[in-house]
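# Geometric and topological summary
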Amino acid sequence: MGDENSTLSEADARHLLRRTGFDVSAKTIEKWVASGQTRGGAADELLKFKPQGFKPNGKTFEDIHDKWVKFMLKTKAALQEKLVLFWHDHFATGVSKVADAPLMTKQNALLRRFCKGDFKQLVKEINRDPATMEYLDTVRNSKDGLNENYGREVQELFTLGVKDSNGNDNYLQEDIVQIARAFTGWRYDDKGESYLSNDRHAFGGAPKVIYKSTGQFGAAGVDYAAGGEGEDEIEAVTDIIFQHRDSDGRNTVARRTARRLIEFFGTPNAPQDFVDDCVGTGPDAFDTTWSIEGVLRRMFTHDDFYLGAGAPGVTTHKSIAWPTDYVLTTLRTLKVKPKGKDLIIAGGTYSAIRDHLVDMGQTLFDPPSVFGWDWETNWISSATLLARYGFVRDLTSARDGGGTSFRPEKLIDLTLTDANDIVDAVLTVCGVHAAFTNVEKTALATYLTDGAGPIDLADPDYRNRKLNGLFALVLESPAYQLV
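The structure contained in this document is the topic of the report that follows. (Residues numbered from 1 in each chain as written. Predicted model: local features only at pLDDT ≥ 70, side-chain atom pairs only at ≥ 80, totals over all residues. Heavy atoms only, no water.)

As a further point, take the overall build of the protein chain. What the protein chain contains, in helices and strands, is 23 helices and 4 strands. Relative to a compact globule of 483 residues, whose C-alpha radius of gyration would be 23 Å, the protein chain shows 25 Å and is just as compact. Residues classed as buried in the protein chain amount to 55% of the 483 residues present. Considering only residue pairs separated by 6 or more positions, the protein chain has 70% of its internal contacts joining residues 24 or more positions apart. Of the roughly 19700 Å² of accessible surface on the protein chain, 50% is carried by carbon and sulfur atoms. Mean positive and mean negative side-chain charge positions of the protein chain (57 and 69 charges, respectively) differ by 5 Å. (Helix = DSSP H or I, 4+ residues; strand = E, 2+ residues; numbered from the N terminus. Rg over C-alpha atoms; globule rule 2.2 N^0.38 Å. Buried < 20%, exposed > 50% of the residue type's maximum accessible area, 1.4 Å probe, protein only. Contact = heavy atoms within 4.5 Å. Areas by Shrake-Rupley, 256 points an atom, 1.4 Å probe, with all protein chains shown as cover. Lys, Arg positive; Asp, Glu negative; His and termini not counted. Charge placed at Lys NZ, Arg CZ, Asp CG, Glu CD.)

So, about the nonpolar core. Nonpolar side chains in soluble globular proteins tend to end up buried together. Counting 138 residues, the largest nonpolar core has W87, F119, L261 and M299 as its most contacted members. If we skip the residues at most four places from it in the chain, L261 touches L83, F86, W87, G266, I292, V295, L296 and M299. (Core = buried A, V, L, I, M, F, W, Y, C linked by side-chain atoms within 4.5 Å.)

Take the pattern of salt bridges next. Going through the model one piece at a time under the given rule, you end up with 37 salt bridges. The partner of K124 in a salt bridge is E235, and the shortest N-O contact between them spans 3.3 Å. With a gap of 111 residues between them, K124 in helix α8 (residues 119-127) and E235 in helix α12 (residues 232-241) connect regions that are remote in the sequence. Here K124 falls in the buried class, since its relative accessible area comes to 9%. For E233, the salt bridge goes to K208, with nearest N and O atoms at 3.0 Å. Taken together, the residues E233 in helix α12 and K208 in the loop between β2 (194-196) and β3 (209-210) connect sequence positions 25 residues apart. (Salt bridge = Lys/Arg side-chain N within 4 Å of Asp/Glu carboxyl O.)

A separate point is the packing of helix α18 (residues 353-360) against helix α19 (residues 382-396). Orientation of α18 relative to α19, taken along the N-to-C sense of each, is 155°, at an axis distance of 8 Å. As far as their axial angle goes, α19 and α18 are roughly antiparallel. Listed contacts from α19 to H356, D359 and M360 of α18 are A383, T384, A387, R388, G390, F391 and D394. A breakdown of the residues in the contact of α18 with α19 according to their chemical character gives 4 nonpolar, 3 polar and 3 charged. (Axes fitted to C-alpha atoms, helices over the stretch in contact; angles between N-to-C directions. Parallel < 35°, antiparallel > 145°, perpendicular 65-115°, else oblique. Nonpolar A, V, L, I, M, F, W, Y, C, P; charged D, E, K, R; others polar.)

Extensive coverage of helix α1 (residues 10-20) is indicated by the burial of 8 of its 11 residues. Looking only at α1, the buried set comprises D12, A13, H15, L16, L17, R18, R19 and T20. Close packing links the buried residues of α1 with α2 (26-35), α3 (39-47), α5 (78-90), α13 (252-265), α16 (292-300) and α17 (323-334).

A disulfide bridge is the covalent bond that connects two cysteines by way of their sulfur atoms. Applying the stated criterion across every chain, the model contains 0 disulfides. Unpaired in this structure, C115 has its nearest cysteine sulfur neighbour in C278, at a distance of 18 Å. (Disulfide = S-S within 2.5 Å.)

Within the secondary structure layout, T288 lies in helix α15 (residues 286-289). Ignoring anything within four residues of it in the chain, the contact list for T288 reads G282 and P283.

Its place among the elements puts R255 in helix α13. C-alpha separation for the pair R255 and D164, spaced 91 residues apart in sequence, amounts to 8.9 Å. Apart from the residues within four sequence positions on either side, R255 is in contact with S165, D246, D248, R250, Q272, V275, D276 and V279.

Moving on, we get to the packing of helix α21 (residues 438-449) against helix α22 (residues 460-476). Direction vectors running N to C along α21 and α22 enclose 160°, while the axes themselves pass 9 Å from each other. Viewed along their axes, α21 and α22 adopt a mutual orientation that is roughly antiparallel. Pair α21 / α22 crosses with right-handed handedness. Between α21 and α22, the contacting residues are L444, Y447 and L448 on the first element and Y462, R465, K466, G469, L470, L473 and V474 on the second. Taken together, the residues of the contact of α21 with α22 break down into 7 nonpolar, 1 polar and 2 charged. (Left-handed = near helix turned anticlockwise from the far one by under 90°.)

Attention now moves to the side chain of N149. Tracing the chain through its elements places N149 in helix α10 (residues 149-156). For N149, the contacting residues outside a window of four places in its chain are Y135, L136 and D137.

So, about the packing of aromatic side chains. Taken as a whole and assessed by the stated rule, the structure comprises 27 aromatic pairs. Seen in terms of ring centroids, W68 and F365 are 5.3 Å apart; in terms of plane orientation they differ by 55°. Their pairing is tilted. In this pair, W68 sits in helix α4 (residues 61-74) while F365 sits in the loop between α18 and α19, placing the two residues 297 residues apart along the sequence. No difference in accessibility class separates W68 from F365, as the two residues are buried. Over the face of the ring belonging to Y447 we find K466, whose NZ or CZ atom lies 4.0 Å from the ring centre. (Phe/Tyr/Trp six-rings, centres within 6.5 Å; stacked < 30°, edge-to-face > 60°. Lys NZ or Arg CZ within 6 Å of the ring centre and 35° of its normal.)

Inspection of α8 places F119, L122, V123, K124, I126 and N127 among the buried residues, and these make up the whole buried set. Among the residues of α8, the N-terminal cap falls to D118, whose side-chain oxygen and the backbone nitrogen of K120 are separated by 3.0 Å. (Polar contact = N/O pair within 3.5 Å; in protein donor to acceptor, adjacent residues only side chain to side chain.)

Counting through the fold element by element, Q37 comes out in the loop between α2 and α3. When its relative accessible area of 16% is taken as the criterion, Q37 is described as buried. Among residues more than four places away in sequence, those in contact with Q37 are S6, T7, L8, W32, A42 and E45.

Here we come to unusual backbone geometry. A positive phi angle, near 60°, is found at Q216, a position not held by glycine. Its place among the elements puts Q216 in the loop between β3 and β4 (222-223). Backbone geometry at F365 places phi at a positive 70°, although glycine is not the residue there.

Below is the structure:
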């Protein structure tokens, strides 16, 4: 059994870097292994970033989409951006309904600011976020026409989940209605600042009581307006939700949020013990501090997290890379820069990254529904898999010159002449050497020599026909698309 003091193996280090970033630094792995870096030390190094104040400003969807992609391509705090991507899915909000790019930009900055901080405070900020208010109809919720949308989603998607780990309901329809009353009258002004319109707020009336039957609050439930009605009601509601306990007597929000983080960074089928270990106990526990960073550190030092470190197989936990992850990792690994303001891949169809991502099934700033994107095998269909192949085709055929071209000569030694050595070098660059079987490596070596004559990597024609093709085969492989 390992813990935070366990020394990282090379495979462990590669797995940690790949799951928390968009590429794998060979120098970092070498440094960590040589110094005997521990799981805890590596986690601390990755988590030490200070959330940056970047905002992908722009007037159009295309502007903000491309600016975020460009920032992710350059950032040195890749874990921060992976967290922003996770929270963007968790608090799914789409520009197709919000119809206001600056509001989406403001939300993106909010997620970045709180990405590893206080989860309870993050939910409170989301409660008042104008993009969320527009997307989930808070602005259409008033005393004269109750809209239950946010009252439902703040429980179902953001905090509790519909049912606990034992299959018991976490809330009832009555709780949705009562919580919706707390959010009546909330609006935002032309500057994107939220406020409560007292004329539209549901003051008085029936008692504002929630969780009479769930959450282990007792048959009387909890009156969220006990401290007064008005602006403070949504604060009180959030505080009560974060006290909710499941049928095991454990904090419901803490368990569900930890599980969601594990599903994103670790495995989609985590055992409950792993989840509870990431929640923790004592004064540093998630349900005490609500520190997202604390959950992540416990995850990144846990044995179960490192079950994903080996080659794909029955004993390892792998996930299919999100399209954004797949594209950014490939560009950063191959050191290819998109071309121009529209971030064009300068080869093949000369398509923008934005278009490649849309074809792969992920449109940043516009998830398909309030549930966000469907993960894992849902990322792969005949159409989206072909889109991934099309991206690789365009990328490996980029020849415009300079940083926008694919330059394998900058990635491997062109004096290599043995096919097996070249295959090993390419697999190492792509970070999947251990994931390929000897039979697969032999097949790739055969591809290099079949009908190509003597291997001469210094020959541009050979590189264009065979070396670039070898990179494409590896990038299209199932092993490369699993993280």
